[in-house]
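# Secondary and tertiary structure notes
Okay, here's what each chain looks like letter by letter:
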Amino acid sequence: MPLANCTTPANGNEREQVIPLLDKVKLKTLKRGRPRKRIKVLAADKGYDSKQKRADLRKRGIRPQIPKRVWKTKKNRGRPIKISVPRFQQERCFAWYQRKYRRLVVRWERQKVYFDAFIDLATIHIWN
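This brings us to the overall build of the protein chain. Along its length, the protein chain carries four helices and two strands. For the protein chain, the sequential pattern of α-helices and β-strands runs α-β-α-β-α-α.

Its place among the elements puts Ser50 in the loop between strand 1 (41-43) and helix 2 (51-59). Taking the relative accessible area as the measure of exposure, Ser50 reaches 19% and is therefore buried. Polar side-chain contacts of Ser50 include one of 3.2 Å to the backbone nitrogen of Lys53.

Turning next to the pattern of salt bridges. In this structure the tally under the stated criterion is three salt bridges. One salt bridge in this structure joins Arg60 and Asp23, with 2.7 Å as the shortest N-O distance. With a gap of 37 residues between them, Arg60 in the loop between helix 2 and strand 2 (63-65) and Asp23 in helix 1 (residues 18-24) connect regions that are remote in the sequence. A relative accessible area of 30% means that Arg60 is categorised as partly exposed. Of the charged contacts in the structure, one is a salt bridge between Asp116 and Lys112, with a shortest N-O distance of 2.8 Å. Taken together, the positions of Asp116 and Lys112, both in helix 4 (residues 112-127) and four residues apart, correspond to about one turn of that helix. Since its relative accessible area comes to 39%, Lys112 is described here as partly exposed.

So, about helix 2. By the burial criterion, the buried members of helix 2 are Lys53, Arg54, Asp56 and Leu57. Relative to the axis of helix 2, the buried residues are bounded by an arc of 165° and lie together on one face. Of the exposed residues in helix 2, the ones pointing more than 90 degrees away from its buried face are Lys51, Gln52, Arg58 and Lys59. Structurally, helix 2 contributes buried residues whose contacts are with helix 1, strand 1 and strand 2. The first or second residue beyond helix 2 is Gly61, which carries a positive phi of 85°.

Attention now goes to the confidence of the model for the protein chain. Looking at the protein chain as a whole, its pLDDT mean stands at 78, while 81% of the residues score no less than 70. Within the protein chain, helix 2 carries the highest mean pLDDT (91), whereas helix 3 (residues 87-100) carries the lowest (70).

Attention shifts here to a positive patch on the surface. Taken together, the side chains of Lys31, Arg36, Arg38 and Lys40 make up a positively charged region of the molecular surface. Mapped onto the elements, Arg36 comes out in the loop between helix 1 and strand 1. The partly exposed category is assigned to Arg36, whose relative accessible area is 36%.

Take the nonpolar core next. Val18, Ile19, Leu22, Val25, Leu27, Ile39, Leu42, Ala44, Leu57, Ile62 and Ile66 together form the largest nonpolar core, which totals 11 residues. Per-element tally for this core: the top contributor is helix 1, with three residues. Not counting residues up to four positions away in its chain, the partners in contact with Val25 are Leu3, Ala4, Arg36, Lys37 and Ile39. Counting seven residues, the second-largest nonpolar core is a separate cluster that includes Leu104, Phe115, Ala122 and Ile126.

Analysis parameters
Residues numbered from 1 in each chain as written. Predicted model: local features only at pLDDT ≥ 70, side-chain atom pairs only at ≥ 80, totals over all residues. Heavy atoms only, no water. Helix = DSSP H or I, 4+ residues; strand = E, 2+ residues; numbered from the N terminus. Buried < 20%, exposed > 50% of the residue type's maximum accessible area, 1.4 Å probe, protein only. Polar contact = N/O pair within 3.5 Å; in protein donor to acceptor, adjacent residues only side chain to side chain. Salt bridge = Lys/Arg side-chain N within 4 Å of Asp/Glu carboxyl O. Arc of directions from axis to C-beta. Contact = heavy atoms within 4.5 Å. pLDDT = per-residue confidence, 0-100. Patch = residues over 30% accessible without salt bridge, like charges linked within 9 Å, V, L, I, M, F, W, Y side chains within 5 Å. Areas by Shrake-Rupley, 256 points an atom, 1.4 Å probe, with all protein chains shown as cover. Lys, Arg positive; Asp, Glu negative; His and termini not counted. Charge placed at Lys NZ, Arg CZ, Asp CG, Glu CD. Core = buried A, V, L, I, M, F, W, Y, C linked by side-chain atoms within 4.5 Å.

What follows is the structure, encoded as structure tokens:
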């Protein structure tokens, strides 16, 4: 389930958008009071592997589940990272967008505000 969304230019850096996107997350709980804003574990792929991102996530109290980038000359040391969320579950949201919301696959709108509104509506529709 998508917890938050944001759009960036095609030539933008995705890794720079992780922390601002985490600031938008609000988790639904069945308890009264303010919604939780912090997730416990973040699962990502190798593209997000950097010491700075891991340190930023740990500073926020989030345990990163990011596999290390593999170099051909290095051997794997230590216990391998067990990813609790398989990749197909992470990518399922994009498949829903492509199947149910064909208009969101390619951005035809000239203004970003309209495209963001359509993405918000699709996210709300998927949540309910």
